Structures are given as C-alpha cells and as structure tokens.
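Survey of secondary and tertiary structure
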Amino acid sequence: MLCTKEILFTRNTECDYSSAYVSLLTDSELVGYGMTFTIGRGNDIVCTAIKEVANRLVGKETEDLFSNMGKTWDYMMADPQLRWIGPEKGVIHIASGAVNNAVWDMYARSRSKPLWKLVADFTPEEIVQSAAFRYISDAITKEEALAMLKEKEAGKKEREAKVVELGYPAYVTSAGWLGYTDEKVARLTKEAVAQGFNHFKMKVGADQANDLRRAKIIRSIIDDPQYLPANLPPRDLEGEALRGKNAGPTGAVLMIDANQVWDVQQAIDYVSGLKEVKPWFIEEPTAPDDILGHAAIRKGLKPHGIGVATGEHAHNRMVFKQLLQAEAIDVVQIDSCRLAGVSEVLSVLLMAAKFGVPVCPHAGGVGLCEYVIHLSLIDYIAISGTMERNVLEFVDHLHEHFVTPCSINSNGRYNVPLNPNEGYSIEMHKSSIAEFEWPNGTYWVGARKDKA
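Everything numeric in this text was worked out from a predicted model, so none of it was measured.

Cut-off values and rules
Within each chain, residue numbers correspond to sequence positions counted from 1 in written order. Note on the predicted model: pLDDT of at least 70 is required for a residue's local features to be given, and 80 or more for side-chain atom pairs to be given and counted; whole-chain, interface and lining totals, by contrast, use all residues. Heavy atoms throughout the structure, all of them, feed into the side-chain values; hydrogens and water do not. Elements are defined by DSSP. Helices are runs of H or I of four residues or more, strands are runs of E of two residues or more, and each kind is numbered from the N terminus. To get the radius of gyration, use the C-alpha atoms; to get the globule rule, take the number of residues to the power 0.38 and multiply by 2.2 Å. The cut-offs for exposure are 20% and 50% of the maximum accessible area for each residue type, with area from a 1.4 Å probe on protein chains only; residues under the lower value are buried, those over the upper are exposed, and the others partly exposed. Whether two residues are in contact is decided by their heavy atoms: any pair within 4.5 Å suffices. We count Lys and Arg on the positive side and Asp and Glu on the negative side, and we leave His and both chain ends out. Each charge is placed at NZ for Lys, CZ for Arg, CG for Asp and CD for Glu. Pairs were defined over the aromatic rings of Phe, Tyr and Trp, the Trp ring being its six-membered one, requiring ring centres within 6.5 Å. Orientation was assigned from the angle between planes: stacked under 30 degrees, edge-to-face over 60, tilted for the rest. Lysine NZ or arginine CZ positioned within 6 Å of the ring centre and within 35 degrees of the ring normal marks a charge as sitting over the ring. Here a polar contact is taken to be a pair of N or O atoms separated by no more than 3.5 Å, where protein atoms must pair a possible hydrogen donor with a possible acceptor and residues adjacent in sequence count only if both atoms sit in side chains. Within this scheme a cavity is a closed region of a 1 Å grid, computed over the protein atoms alone, that accommodates a 1.4 Å probe without allowing it to escape, whereas a pocket is open but has protein on both sides within 12 Å along at least five of seven lines; lining residues each have an atom within 4 Å of a point. Grid points are joined across faces, edges and corners, and a volume is the space filled by probe spheres set on the points. Residue polarity follows a fixed list, in which Ala, Val, Leu, Ile, Met, Phe, Trp, Tyr, Cys and Pro are nonpolar, Asp, Glu, Lys and Arg are charged, and the others, Gly among them, are polar. We count a salt bridge whenever a side-chain nitrogen from Lys or Arg sits within 4 Å of a carboxyl oxygen from Asp or Glu. Crossover handedness is defined by viewing with both strands directed away from the observer: a clockwise path from the first strand over the helix to the second marks the crossover as right-handed.

Overview of the overall build of the protein chain
The secondary structure content of the protein chain amounts to 18 helices and 11 strands. Taken over C-alpha atoms, the radius of gyration comes to 21 Å for the protein chain, in line with the 22 Å a tight globule of 452 residues would show. Overall size of the protein chain, expressed as C-alpha extent along the three principal axes, is 65 × 60 × 45 Å. Of all 452 residues assigned to the protein chain, the portion counted as buried reaches 57%. Considering only intrachain contacts with a sequence separation of at least 6, the fraction spanning at least 24 residues in the protein chain is 74%. Across the protein chain, 48 positive and 59 negative side-chain charges occur, with their mean positions spaced 1 Å apart.

What to know about the packing of aromatic side chains
In total, this model carries 14 aromatic pairs according to the counting rule given. Taking 6.4 Å as the distance between ring centres and 15° as the angle between the ring planes, the aromatic pair formed by Phe-197 and Phe-394 counts as stacked. Separated by 197 residues along the polypeptide, Phe-197 in the loop between helix H10 (182-194) and strand E5 (199-203) and Phe-394 in strand E10 (residues 392-394) bring together distant segments of the chain. Of the two residues, Phe-197 and Phe-394, both sit in the buried class. Members of the aromatic cluster, each reached through a chain of ring pairs, are Phe-66, Trp-104, Tyr-107 and Phe-122. A cation sits over an aromatic face here: Arg-56 above Tyr-75, 4.1 Å from the ring centre.

Here we look at helix H13 (residues 291-301)
Every buried residue of H13 is listed here: Ile-291, Gly-293, His-294, Ala-295, Ile-297, Arg-298 and Leu-301. Turning to H13, the residues buried within the fold contact helix H12 (264-272), strand E7 (281-283), strand E8 (307-310) and helix H14 (317-325). One side-chain oxygen at the N-terminal end of H13 lies 2.7 Å from the backbone nitrogen of Gly-293; it belongs to Asp-290.

Some points on the environment of Lys-275
With respect to the element layout, Lys-275 can be found in the loop between H12 and E7. By relative accessible area, which is 44% here, Lys-275 ends up partly exposed. Taking the C-alpha atoms as reference points, Lys-275 and Val-345, separated by 70 residues in sequence, lie 33 Å from one another. With residues up to four places along the chain from it excluded, the contact list for Lys-275 reads His-304 and Ile-306.

Comments concerning the layout of surface pockets
A volume near 620 Å³ is recorded for the largest pocket. Forming the walls of the largest pocket are 24 residues, and the residues nearest its centre are Pro-169, Asn-198, Arg-235, Ala-241 and Arg-413. Within the residue set of the lining of the largest pocket, elements represented by two or more residues are helix H9 (156-166) and strand E4 (168-172). Roughly 510 Å³ of internal volume is contained in the second largest pocket. As for the second largest pocket, its lining consists of 27 residues, and the residues nearest its centre are Phe-37, Ile-39, Glu-312, His-313 and Gly-364. Elements that contribute at least two residues to the lining of the second largest pocket include exactly strand E3 (31-38), helix H1 (43-55), helix H5 (90-110) and E5. Top contributing element to the lining of the second largest pocket by residue count: E3, with three residues. Among the residues making up the lining of the second largest pocket, the classes are represented as nine nonpolar, nine polar and nine charged.

As for the pattern of salt bridges
Across all of its chains, the model carries 26 salt bridges by this definition. Glu-153 is the partner of Lys-156 in a salt bridge, and the nearest nitrogen-oxygen pair spans 3.0 Å. Since its relative accessible area comes to 10%, Lys-156 is described here as buried. Across the pair Asp-257 and Lys-203 runs a salt bridge whose closest N-O atoms are separated by 2.7 Å. Highlighted residues: Asp-257 in strand E6 (residues 253-257) and Lys-203 in strand E5, separated in sequence by 54 residues. Residue Asp-257 shares its accessibility class with Lys-203, and that shared class is buried.

Here's the deal with the pairing of E5
Here E5 lies mainly inside the structure; five of its five residues are buried. Judged by which residues are buried, E5 turns out to be covered on both faces: His-199, Lys-201 and Lys-203 on one side and Phe-200 and Met-202 on the other are all buried. Handedness of the E5-helix H11 (residues 208-222)-E6 crossover: right-handed.

Remarks on empty space enclosed by the protein
Here the structure, examined in full by the defined rule, presents two cavities of 30 Å³ or more. Here the largest cavity defines a volume of roughly 90 Å³. Taken together, Val-53, Met-76, Met-77, Asp-79, Leu-82, Arg-83, Pro-87, Glu-88, Ile-92 and Ser-96 make up the lining of the largest cavity. Across the lining of the largest cavity, the residue classes break down as six nonpolar, one polar and three charged.

Some thoughts on the environment of Ala-247
The residue Ala-247 is located in the loop between H11 and E6 in this model. Judged by its relative accessible area of 29%, Ala-247 is partly exposed. A sequence separation of 25 residues divides Ala-247 from Ile-222, and the C-alpha atoms of the two residues are 9.9 Å apart. Once residues lying within four places of it in the same chain are set aside, the contact partners of Ala-247 are Leu-242, Ala-252 and Val-253.

If you want it as structure tokens, here you go:
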C-alpha cells in the first residue's frame, strides 16, 4: 500500500536550480522516488500539487498499479477537480509527472531492473498498454503502435548489446551559456572536444553580433582536427549520423537554443543572420505551444538548411501531436518531467517514431540527465530502433546528489545504467536532502543565521 512524502530541494542561494521530490512509501520496504525540476520560486506550489495527485494513489495495491500502467496513468489524471486547474498542463501536470515517475521507479525496483530494462523487456502489447493514448488516436492508434513495435522486436537484443557496449550519443551545452567570456567559451569547448563530444549547443538571442562571434569561436575549435582526441576514429561525414546536420570537416555539429525569446518573423530574421556558422537547428525559437509559429519558422529557415527543435516546454502529448502533424519540427525534445511521467513519454516516443522524427531529450536541470538516459534507451531498443541521428543532452552539474548518477564514457556517450536496484535513477542521497531541503535543511538554517 502507498503513502507519500514530499521534499522541496533547492540547490543554491538564488533558489534557481530546484526540484520537487517525492517518495512513495509502501507497507513493505519497497519505495518509489520521483521528482520534477523547477528553477526556484513556485517549487513549494508544485510540492503541494504533488501531494494532491499522490493522495489519489494512497491505499492502492502496488501490483494492481503495475499490472496496467496505462490504466494507472489514466486514473491518476482523472480527478475532475484537479483537472480543472490544468487540464494536463502547468503545475498540476508537472506534479503528475513526479508522481507517475515515482510509480515507475517503484515498479522497476520491484523487479530488480533499471527502468529502461524493465520497459525494454516488455512485450509490444505491454508497451502499448502502458502508454497514454487519450486524445492522440488521430495521430497514432494503439493498433498502429502495436504493429510498429512488433516490427522492431527482432533486433531488440542486438540493439541492447550494442548500446551497452558503445554508450548512447550525447551532446553538451557546457561552453554555450550566455555571459561567458570568449576565453571561457574557448576553454570549455576544447575540454568538451577532448572528452569525445561532437555535438555542441550554445544559447542565443540576446545580441546577434555577439552570438555570431561566440559561435565562430566554437566552430573554430570543433572544426579543427588538432583538438580531437588522439585515439578518435574518423567520423563518416556522409553517414546517417551526420546527415542534414551541417556537420563541419571533423564531423562536429553545432546547435543553437533561444529559450522562446522571439516572435515568428523575428526568429526567422535572427537565425538567418547566423547561417554562416551552420547550426543544425534552432531550439525553442518562439512560444512553446505555438504550433503554427514553429511551422512558419521551419519553412522560413529551410532554405538555409537550418532545422527547428522544441519540446522542453511542450506541456503534453497533444502539443507534440500537433507539432508533428503540422511538420513544424525536425527534432522532438521530450522532457522527462514536463510531460506527466513515463506513460505520457511513451506516447510521444511512439508518435515520433511513426512520423520519423528523431528524439533528442532535454536534460538541462536537476536530475534530468539521470532520468532521460532511460527514456532514450527505451526509444532505441524498443521503439524507434535507431540512435544514429539522436543525441541526448548532458549537463555536468548536480549529479553528486544522486545515489546512482549518470556518467559519460571517453567517447562522449552516456554509459548505460546497469544497477538492478536503481530503478529510474532519481533517488537522492539522504545527506543532500538533510542539507538542502527547504526550509529546514542545514544549508538554509545556516544561511538565515548568517543573514541575521
């Protein structure tokens, strides 16, 4: 039987990188952990919403929940009074994501498998049964999804073995933050190249001339073979992994991210002015739920060979459905806790596979890297069957707070989580919670004393 505990976890003095963290307890030793990422103010509101959502599960038998995770998701989302403050968007939706992720974490732990392995071992019927299909049958039916999954069944074991051996492709944003000096941009870019990465993302939107200068600095390093690791085999510039990505002579790819700063025509004009640095795509060029705006931007940038990516703030599967139907994006960027948990993510992965659009998840926040490696592995092994064009964001901070943190190998790829007891990899160290839980963690108590 389930009961819950919510923790507000905040990392720094500005209350920026934060998470609303939940533990689902049972009458046995089995526990499920979940969280959703925020950037500070409002985190306590999300915690309150998590409690309301999780209370709907209290008293349920865990095996009943696990037996049909799609039905469990539907039940979680069906409270009419909580739907009124959504429905399926905003605070209540990201709170539902934290709770659904915790149920999936508990399910994986109960079977002594990491989450990706639990789902990858499902039959096609079990995957379809676990996904959220309401409101998307005009884009993909359960029957279509089942047929797709059955087509991919034959190579699952081989794909699993391959990704365990090689790791999952990753990209970095470490050098691309606004406000860095040119020297810091150059240093961090060289470090990322030396670590084996060949996809690099930078933030843009504050000043076009400044963005162009910074991009040229990054390009000058990632396109120069002198900075490549000595043992790196040559990259195939004509291969599927780099097709249509505007890769440079070393096989390096540049992406740019605007975080929703422009109107539609502004986005077209601004990004057109950066065409000489040949970005693969512009991420979040405008309001995240403006489907037709994204479609217009994609059409306007197509002559320059620049694509469009979005999804970090796409608040539910219906937004992704429309983006795909409108041919508005070249890359799907799921977020592990903006969507309402694994069940809704599965529906988006299935739609992306049907429409033939690669999935490159967002992971720039507390715990997101730990989460999304599982989702990318599920996509590769069981759903799309490909990781050649996909890359998963990696941000190298705050991993020390997690019991089973993610890691990157020497070729700039995520290592596959293999600990049978880690579930969804989101359990936090008790010491981190004791230090940073708001408002009574030792860090915050000490800060108040210092301020007094």
